[in-house]
Amino acid sequence: CTHIGSERHASETAKTSETAETAETVDTAETAEIAETATLISSMSSTGSLEWISLHTDDEWIHCIFSPGRPSHYLILKLEGEKNVLYVEGASPIQNQDADLKTQLSECSKACDKDTRKCNWWTFSYHQDRTNSRNHDDQSECGLRAYENCCLIETNNDQWYGIASKYFSIPGLPLKLKQPMQGKTAVWKLFKNVSNFKCYEMCQNDSDCTTWTWESDQHKCSLNNYKPTRKIPIEYASPTPNLYSGCKDRPDIGFYCNDVKTVGGYQGL
């Protein structure tokens, strides 16, 4: 910011072509390397002078502002939440860990149907091996869920979503919802085109919210109202995710974020 700002005040008539010539002095290899981990954007006024530039990295946003007749200044905004961590609710191990995928899915679905009062839908985590599964103590797990959800979102292919069969008789229910859905999970609330801080803020301002997750690539924000029992690191997932998650203490229901422990996760190669 200081370098660009000093040039800005030294010459109010700086042209876009001059900025391009300066950019050409940067080594091509270095530029390619930076492009993989950061994004640089800028804004020009109607007269062609630089108004601001913003550098977005995985961990922070650096925003530089240039005002006519005033020294340049900048803001450094740290992203809220923990990077590539998911807060999840409890689940139980599948009884027959050696069974094929179809059999394990059936076991999870039947467990939900037996618990008619508490289970509205279920989620299944399929364990194959350490290198490509989201591991929960190295075993497949079934989670029975009672809370209402608004939307389905995409997740890893070793995750499955299904609804209780008590809903199959609903008129007009799409046929696909009567079958387990791979790579899907449900969330309580979903918002699009929001910033990292806005996602954090919405959870803080919602009395029922316990956790939030923000996807930086698509600027999607998911809020949940369940009590998470563990955190799962997903930095080794493929493709590599780029999300941030946070937690909010709820003394009214006896929930505190410090009680949530890190368990399992993608183990890497």
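Scope of this entry: the structure provided in the associated data block. (Residues numbered from 1 in each chain as written. Predicted model: local features only at pLDDT ≥ 70, side-chain atom pairs only at ≥ 80, totals over all residues. Heavy atoms only, no water.)

Focus: the overall build of the protein chain
Point 1. Counting secondary structure elements, the protein chain contains five helices and 19 strands.
Point 2. A total of 269 residues make up the protein chain; the buried ones form 37% of that total.
Point 3. Looking at the protein chain alone, contacts between residues at least 24 apart form 63% of all its contacts between residues at least 6 apart.
Point 4. Just so you have it, the protein chain exposes about 15700 Å², and 50% of that area is on carbon and sulfur atoms. (Helix = DSSP H or I, 4+ residues; strand = E, 2+ residues; numbered from the N terminus. Buried < 20%, exposed > 50% of the residue type's maximum accessible area, 1.4 Å probe, protein only. Contact = heavy atoms within 4.5 Å. Areas by Shrake-Rupley, 256 points an atom, 1.4 Å probe, with all protein chains shown as cover.)

With respect to the sheet that holds strand β19 (residues 261-262)
Point 1. The strand order β6-β17-β19 describes an open sheet built from three strands, whose pairing is mixed. One side of each edge strand has no neighbouring strand; the edge strands of this open sheet are β6 (85-88) and β19.
Point 2. Relative to β19, strand β17 (residues 230-233) is paired through two bridges, and the arrangement is parallel. Within β19, the residue paired with R230 across the bridge is K261. (Pairing = 2+ DSSP bridges.)

Focus on the pattern of salt bridges
Point 1. Within this structure, the stated rule accounts for six salt bridges.
Point 2. The shortest N-O distance in the salt bridge between R230 and E141 comes to 2.5 Å. Remark: E141 occurs in strand β9 (residues 141-145) and R230 occurs in strand β17; sequence separation between them is 89 residues. E141 shares its class with R230; the two are buried.
Point 3. Two residues, D206 and K189, come together in a salt bridge whose shortest N-O distance is 2.7 Å. Separated by 17 residues along the polypeptide, D206 in the loop between α5 (196-205) and β15 (211-215) and K189 in strand β14 (residues 189-192) bring together distant segments of the chain. (Salt bridge = Lys/Arg side-chain N within 4 Å of Asp/Glu carboxyl O.)

Concerning helix α4 (residues 101-114)
Point 1. Between its first and last C-alpha, α4 extends 20 Å over 14 residues, near the 20 Å set by a 1.5 Å rise per residue.
Point 2. All of the buried residues in α4 are Q104, L105, C108 and C112. Angularly, the buried residues of α4 cover 100 degrees about the axis, an arc narrow enough to put them on a single face. α4 presents K102, K110 and K114 as exposed residues on the side facing more than 90 degrees away from its buried surface.
Point 3. Close packing links the buried residues of α4 with β8 (121-125), β9 and β11 (159-163). (Expected span 1.5 Å × (residues − 1). Arc of directions from axis to C-beta.)

A look at the sheet that holds β11
Point 1. Spatially, β7-β9-β8-β11-β12 is the arrangement adopted by the five strands of the open sheet, whose pairing is antiparallel. Only two strands of the sheet have a single partner each, and these edge strands are β7 (92-93) and β12 (181-182).
Point 2. Relative to β12, β11 runs antiparallel, the two sharing two bridges. In the strand pairing of β12, Y161 is matched with M181.
Point 3. Across the sheet, α4 touches β8, β9 and β11, and the angle it forms with β8 is around 150 degrees. (Axes fitted to C-alpha atoms, helices over the stretch in contact; angles between N-to-C directions.)

Topic: the pairing of strand β18 (residues 243-247)
Point 1. Most of β18 sits out of view: five of its five residues are buried.
Point 2. Burial along β18 is two-sided: L243, S245 and C247 and Y244 and G246, pointing in opposite directions, are all buried.
Point 3. Of the strand pairs in this sheet, strand β5 (residues 82-83) and β18 are connected by two bridges, and their pairing is antiparallel. Residue pairing for β18: K83 is matched across the bridge by Y244.
Point 4. Note: β15 against β18, five bridges, orientation antiparallel. Considered in β18, the bridge of W212 is made with G246.

Some thoughts on unusual backbone geometry
Point 1. In this model, N84 sits at a positive phi of 50 degrees, which is unusual for a non-glycine residue.
Point 2. Secondary-structure assignment places N84 in the loop between β5 and β6.
Point 3. Phi is positive for N193, close to 55 degrees, though the residue is something other than glycine.
Point 4. Exposure remark for N193: the relative accessible area of 70% places this residue in the exposed category.

Quick word on the packing of aromatic side chains
Point 1. If you walk through the whole model with that rule in mind, you get seven aromatic pairs.
Point 2. Measuring from centroid to centroid gives 5.3 Å for Y147 and Y226, while their planes differ by 40 degrees, and the two rings are tilted. Placement of Y147 in the loop between β9 and β10 (151-154) and of Y226 in the loop between β16 (220-224) and β17 is noted, with a sequence separation of 79 residues between them. The same class applies to Y147 and to Y226, which are both buried. (Phe/Tyr/Trp six-rings, centres within 6.5 Å; stacked < 30°, edge-to-face > 60°.)

Geometric values such as these leave the question of function open.
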